[in-house]
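One letter stands for each residue in the lines below.
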Amino acid sequence: MIRRVGIVAKSRLQAAAAHLKEVATWLEARSIEAVFDPDSAALAQTAGALARHRIVEKDQLPREVDMVLVLGGDGTLLGMAGRIGQAGTGIPILGVNFGSLGFLTEVTLPELYSSLEAAVSGGAAIEERMMLNVSVECNGASVVDRVVLNDVVVTQGALSRVIDLSLTVDTEFMMRIRADGIIVASPTGSTAYNLSSGGPILHPHVDGLSITPIAPHTLTNRPVVVPGSSVIRIQPFMPDTQDEVFATFDGQSLLSLKSNHIVSVRRATQPLKLIRASSRGYFQVLREKLKWGER
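Residues numbered from 1 in each chain as written. Predicted model: local features only at pLDDT ≥ 70, side-chain atom pairs only at ≥ 80, totals over all residues. Heavy atoms only, no water.

A.B. asks: Any chance you could break down the nonpolar core for me, citing the residues and the numbers?
C.D. replies: Core analysis: the largest hydrophobic core is formed by 31 residues, its most contacted members being V5, L27, F36, M67 and V120. The element best represented in this core is helix 1 (residues 17-28), accounting for six residues. For V120, the residues in contact, after removing those within four places along its chain, are I2, V5, W26, L27, I32 and M67. Counting 30 residues, the second-largest nonpolar core is a separate cluster that includes V134, L167, V226 and V265. (Core = buried A, V, L, I, M, F, W, Y, C linked by side-chain atoms within 4.5 Å. Buried < 20%, exposed > 50% of the residue type's maximum accessible area, 1.4 Å probe, protein only. Helix = DSSP H or I, 4+ residues; strand = E, 2+ residues; numbered from the N terminus. Contact = heavy atoms within 4.5 Å.)

See below:
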């Protein structure tokens, strides 16, 4: 049962300010507590005085509410999805599109209250999306351990040359590749950077991970889809100490890598519960958002 809803808006999205207040009022009328993160509460205040509501930091929000409502674009949803995955609470998330693409935040503004009504009453269509657990180790010591929805990208720095990467799938050596980088994507992330780099589209129900090289320096290299149970390990080789290699997590954060770093990617324990607009299916979203199938 939904008793507390976390409300998160894209940072400094002035267009969402009035809607934040209206949503809080709508929830209160149904005896549901609205809980804001600090930035969203401040944004709502710009549209006029906001009633006294509980304010919780974004990292803690998934532990304090029963679902999260995101007003913004896909980047805003990705940030909260990662926090939900990190918290391990398994609460659902509803994204309302204020961005330019809105592939994940597919609910439109006119659909906001009908979708919210379905969500809080338990009648919403919820789709489970695979998330990825990413760990980075250095000489056996943990450097990073986090959960992402879309992808992990290992790539060169702005001024770096082609980088040399070794890939292993489970215990089997896969390849050593010279390229601008590599993308490991979930089915959800297959329509993001993976797609723009020539990788395959995976339906969200496919239990697989895609591995897509970025501008590989060989004519024979192609993207590969491996089972969702796989553990993918990536290690950079950097003979020149001035070379730069980075790991990027859902495009939200960056980690500088060295030759003794190993990036491991596997399916996370819990999927993300994404509240969908029941009025449209996956292929309709592909057609509308990506112009898929058009000549």
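Having seen the structure, we can now continue with the description.
A.B. asks: A description of unusual backbone geometry should follow, citing residues and the corresponding values.
C.D. replies: Residues other than glycine seldom take positive phi values, yet R12 does so here, at roughly 60°. With respect to the element layout, R12 can be found in the loop between strand 1 (4-9) and helix 1. Overall, R12 belongs to the exposed group, its relative accessible area being 76%. One non-glycine residue with positive phi stands out, namely K291, at about 55°. In this fold, K291 is placed in the segment after helix 6 (282-290).

A.B. asks: Residue-level account of the sheet that holds strand 2 (residues 33-36), with values.
C.D. replies: Taking strand neighbours across the sheet as the criterion, the seven strands line up as 3-2-1-4-5-19-6 in an open arrangement whose pairing is mixed. If you trace the sheet from one side to the other, it starts and ends with strand 3 (54-55) and strand 6 (125-129), each paired once. One ladder, built from five bridges, connects strand 6 with strand 19 (residues 272-276); its direction is antiparallel. Across the sheet, residue I126 finds its bridge partner in strand 19, namely I275. (Pairing = 2+ DSSP bridges.)

A.B. asks: Help me get a handle on the packing of helix 1 against helix 2 (residues 38-45), residues and values and all.
C.D. replies: For the pair helix 1 and helix 2, interaxial distance at closest approach is 7 Å and the crossing angle is 100°. Put simply, helix 1 runs roughly perpendicular to helix 2. Along the contact surface, helix 1 presents A17, L20 and K21, while helix 2 presents S40, L43 and A44. (Axes fitted to C-alpha atoms, helices over the stretch in contact; angles between N-to-C directions. Parallel < 35°, antiparallel > 145°, perpendicular 65-115°, else oblique.)

A.B. asks: I'd like a description of the side chain of S186, backed by residues and values.
C.D. replies: On the secondary structure map, S186 appears in the loop between strand 12 (181-185) and helix 5 (193-196). Accessibility expressed as a relative area gives 0% for S186, which makes it buried.

A.B. asks: Help me get a handle on empty space enclosed by the protein, residues and values and all.
C.D. replies: One pass over the structure, following the stated rule, counts one cavity of 30 Å³ or more. Within this model, the largest cavity holds a volume of roughly 40 Å³. Forming the walls of the largest cavity are I84, G85, G90, I91, M131, Q270, P271, L272 and K273. Tallied by class, residues from the lining of the largest cavity come to five nonpolar, three polar and one charged. (1 Å grid on protein atoms, 1.4 Å probe; cavity = no way out; pocket = protein on both sides within 12 Å on 5 of 7 lines; lining within 4 Å. Points joined across faces, edges and corners; volume = space filled by probe spheres on them. Nonpolar A, V, L, I, M, F, W, Y, C, P; charged D, E, K, R; others polar.)

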